[in-house]
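# Reading the structure
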Amino acid sequence: MSKEPRHYTGDKDIQVIIGTLLRTGVYTSLGIVLLGGIIFMVSHARQPVDYSIFRAQGPRLASIGGILRGVLTLDGMAVIQFGILLLIFTPIARVVFSIFSFLIERDYLYVAIGLLILTIIGISMNGGFTH
Amino acid sequence: MTVIIFTLIVLFGSLLAGFLGSLTGLGGGVIIIPLLTLVLGVDIHYAIGASIISVIATSSGSAAAYVKEGITNIRIGMFLEIATTVGAVLGAVLAVYLNPGYIAVVFGCILIFSALAALRKKADHSDNLAVSGLGNKFKLNGSYPDCGRQHPYTVKHVPGGFFMMLFAGTLSGLLGIGSGALKVIAMDNIMRIPFKVSTTTSNFMMGVTAAASAVVYLHRGQIDPGIAMPVALGVLTGAQIGSRVLLRTQTGMLKKVFAVVIIFLALQMIYNGLSGKI
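Residues numbered from 1 in each chain as written. Chains lettered and ligands numbered in written order. Predicted model: local features only at pLDDT ≥ 70, side-chain atom pairs only at ≥ 80, totals over all residues. Heavy atoms only, no water.

A few words now on the overall build of chain B. On a plain count of helices and strands, chain B comes out with 11 helices and 2 strands. Going residue by residue from the N terminus, the α and β elements of chain B occur as α-α-α-α-α-α-β-β-α-α-α-α-α. Its C-alpha radius of gyration of 18 Å places chain B within 12% of the 19 Å reference for a compact globule of 278 residues. Taking the principal axes of the C-alpha coordinates as reference, chain B spans close to 60 × 40 × 30 Å. Each of the 278 residues in chain B was classed as buried or not, and the buried ones make up 62%. (Helix = DSSP H or I, 4+ residues; strand = E, 2+ residues; numbered from the N terminus. Rg over C-alpha atoms; globule rule 2.2 N^0.38 Å. Buried < 20%, exposed > 50% of the residue type's maximum accessible area, 1.4 Å probe, protein only.)

What follows is the structure in structure tokens.
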């Protein structure tokens, strides 16, 4: 191992693409959240709410399949949840994109690190720990 | 309370939380959770679920700008994300088994710590002299642009920083916050990364860290669209207004006033947690 510090500067193009990806992801998903919020308000504005006791959401709003089915019927709650799902996937998409850019740079160490991060998120998504 | 009134109150409160969180550098999450639980009586599980969503929105939004400027060190970010995502999943799973009262007490302590850390004068420990084997091996050393020229820097104490990040990630997953104050300790104080790089890289990492615990929360039904919608929209809008105001104002006095408010909220959280009201 060399004793001289080595410096690495990122590729300008990749930084611009990652920046654009993050920004587009955040605004698109929050646009959908807003749209779902309006649909939800129109149909539920005067209903009473009580969030003082935690009752877990049913699979209708807690699983990807349930949310997608709800979006097809234009259910406001499901549209909001779909926007939130897109928001959650925005930074994950950034990791996927970084893996490809490191692959182009032939930096296989960081390809492996990116894949490791995706694996960790994948395990938590499958709920292996949660039940 | 009806849906429309609840939504408007939460929207306004989140706007304020995002605004103050961005002015003081504390982040919106640490403010919105006491607001929801103490003021509106929302169960802490829902508050954490909504807050983690707002963390993804604000951190990704501001990370976008910093990445384009080339200040963020993507390699340091991704290397440390191994630690923060593992921690985030552990924290979110731990939240299932912990009594909500304990979570409120831990939250209060972190809140006090973050408020004090935001007040402290920050010293830049970075240099370009020391050499670390792991820093070279993982290609963490870099340079950042400032005033028209590149400033090279080296990274030290990689294992120490990595473990601190594991801890920061766990608290982020457990409490639904970005835990920026702890990430800054890992990067500034332990790894000796320049202040500009550590702040922006910590922001860059927050999105993925929060996403890792958000999938667990979504699966557990803790993300309620009725709360997450006004919180995410409000905090992001407030944070963007805040970052514009920040460029034009001195925040020294505001930080002090705000730290007092935060410490009061934190004590309230700890008291309610201990007395079983949360």
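There is more to say, and it comes next.
Below, the discussion takes up the pattern of salt bridges. Evaluation of the coordinates by the stated rule reveals 6 salt bridges over all chains. Between A:E105 and B:R75 there is a salt bridge, and its shortest N-O distance comes to 3.1 Å. With A:E105 in the loop between α4 (76–104) and α5 (108–125) and B:R75 in helix α4 (residues 74–97), this residue pair bridges two chains. Judged by its relative accessible area of 37%, A:E105 falls in the partly exposed class. Relative accessible area serves as the criterion here: at 10%, B:R75 is assigned to the buried category. Where A:D107 meets B:K139, a salt bridge forms, and the shortest distance between an N and an O atom there is 2.9 Å. (Salt bridge = Lys/Arg side-chain N within 4 Å of Asp/Glu carboxyl O.)

This part covers the interface of chain B and chain A. With 72 residues of chain B in contact, the opposing surface of chain A contributes 69 residues. Regarding the contact of chain B and chain A, the summed buried area is about 6400 Å², with carbon and sulfur atoms giving 71% of it. Scanning the region where chain B abuts chain A turns up 4 salt bridges. Scanning the region where chain B abuts chain A turns up 17 residue pairs in polar contact (both at pLDDT 80 or more). Counting residues per element, the ones that place at least two in the side of chain B that touches chain A are α1 (3–24), α3 (44–69), α4, α6 (133–137), β1 (142–146), β2 (149–153), α9 (195–219) and α10 (225–246) of chain B. Partitioning the side of chain B that touches chain A into residue classes produces 41 nonpolar, 22 polar and 9 charged. (Contact = heavy atoms within 4.5 Å. Buried area = accessible area lost by both parts, 1.4 Å probe. Polar contact = N/O pair within 3.5 Å; in protein donor to acceptor, adjacent residues only side chain to side chain. Nonpolar A, V, L, I, M, F, W, Y, C, P; charged D, E, K, R; others polar.)

This brings us to the packing of helix α5 (residues 100–119) of chain B against helix α8 (residues 180–190) of chain B. All names here are of chain B. Between α5 and α8, the least distance of the axes is 9 Å, while the angle of their chain directions is 55°. By the angle between their axes, α5 is oblique relative to α8. Both α5 and α8 take part in a crossing whose hand is left-handed. Contacts between α5 and α8 involve F113, S114 and A117 from the former and A181, L182 and I185 from the latter. (Axes fitted to C-alpha atoms, helices over the stretch in contact; angles between N-to-C directions. Parallel < 35°, antiparallel > 145°, perpendicular 65-115°, else oblique. Left-handed = near helix turned anticlockwise from the far one by under 90°.)

It is worth spelling out the confidence of the model for chain A at this point. With 88% of its residues at a pLDDT of at least 70, chain A reaches an overall mean of 87. Confidence scores differ between elements of chain A, with helix α2 (residues 59–62) of chain A showing the lowest mean pLDDT of 82 and α4(A) the highest of 95. (pLDDT = per-residue confidence, 0-100.)

A word on the side chain of B:S114. Residue and element names in this part refer to chain B. Within the element layout of this structure, S114 appears in helix α5. Judged by its relative accessible area of 8%, S114 falls in the buried class. Aside from chain neighbours lying at most four places away, what touches S114 is L26 and A181.

Packing of helix α1 (residues 12–44) of chain A against α1(B) brings their axes to within 9 Å, and their N-to-C directions diverge by 145°. Of α1(B), the residues touching α1(A) (which contributes A:F40, A:M41 and A:H44) are B:V3, B:I4 and B:T7. A per-class count over the contact of α1(A) with α1(B) returns 4 nonpolar, 2 polar and no charged.

Turning to the side chain of B:T37, a few remarks are in order. All names here are of chain B. For T37, the position within the fold is in helix α2 (residues 29–39). Look at T37 and you get buried, because its relative accessible area is 8%. Residue contacts for T37: discarding those within four places in its chain leaves V42, D43, I44, A47, M269 and I278.

Residue and element names in this part refer to chain A. If you trace the backbone, V79 turns up in helix α4. In this structure, the C-alpha to C-alpha distance between V79 and L116, residues 37 residues apart in sequence, is 31 Å. Setting aside anything within four residues of it in sequence, one finds V79 in contact with I32, G36, I39, V71 and L74.

Evaluated as defined, the whole model comprises 8 aromatic pairs over all chains. Between the aromatic rings of A:Y51 and B:Y46, the centroid separation amounts to 5.4 Å while the plane-to-plane angle is 75°, which identifies the pairing as edge-to-face. Placement of A:Y51 in the loop between α1 and α2 and of B:Y46 in helix α3 is noted, with the two residues assigned to different chains. The exposure classification of A:Y51 matches that of B:Y46, with both residues buried. When the centroid spacing of 5.5 Å and the interplanar angle of 50° are considered together, the rings of B:F79 and B:F162 count as tilted. Of this pair, B:F79 sits in helix α4 while B:F162 sits in helix α7 (residues 158–175); the two residues are 83 residues apart in sequence, bridging distant segments of the chain. Classification of B:F79 as buried rests on a relative accessible area of 7%. Aromatic rings pair up to connect A:Y51, A:F54, B:F6 and B:Y46 into one cluster. Sitting over the face of the ring of B:F204, A:R94 holds its NZ or CZ atom 3.8 Å from the ring centroid. (Phe/Tyr/Trp six-rings, centres within 6.5 Å; stacked < 30°, edge-to-face > 60°. Lys NZ or Arg CZ within 6 Å of the ring centre and 35° of its normal.)

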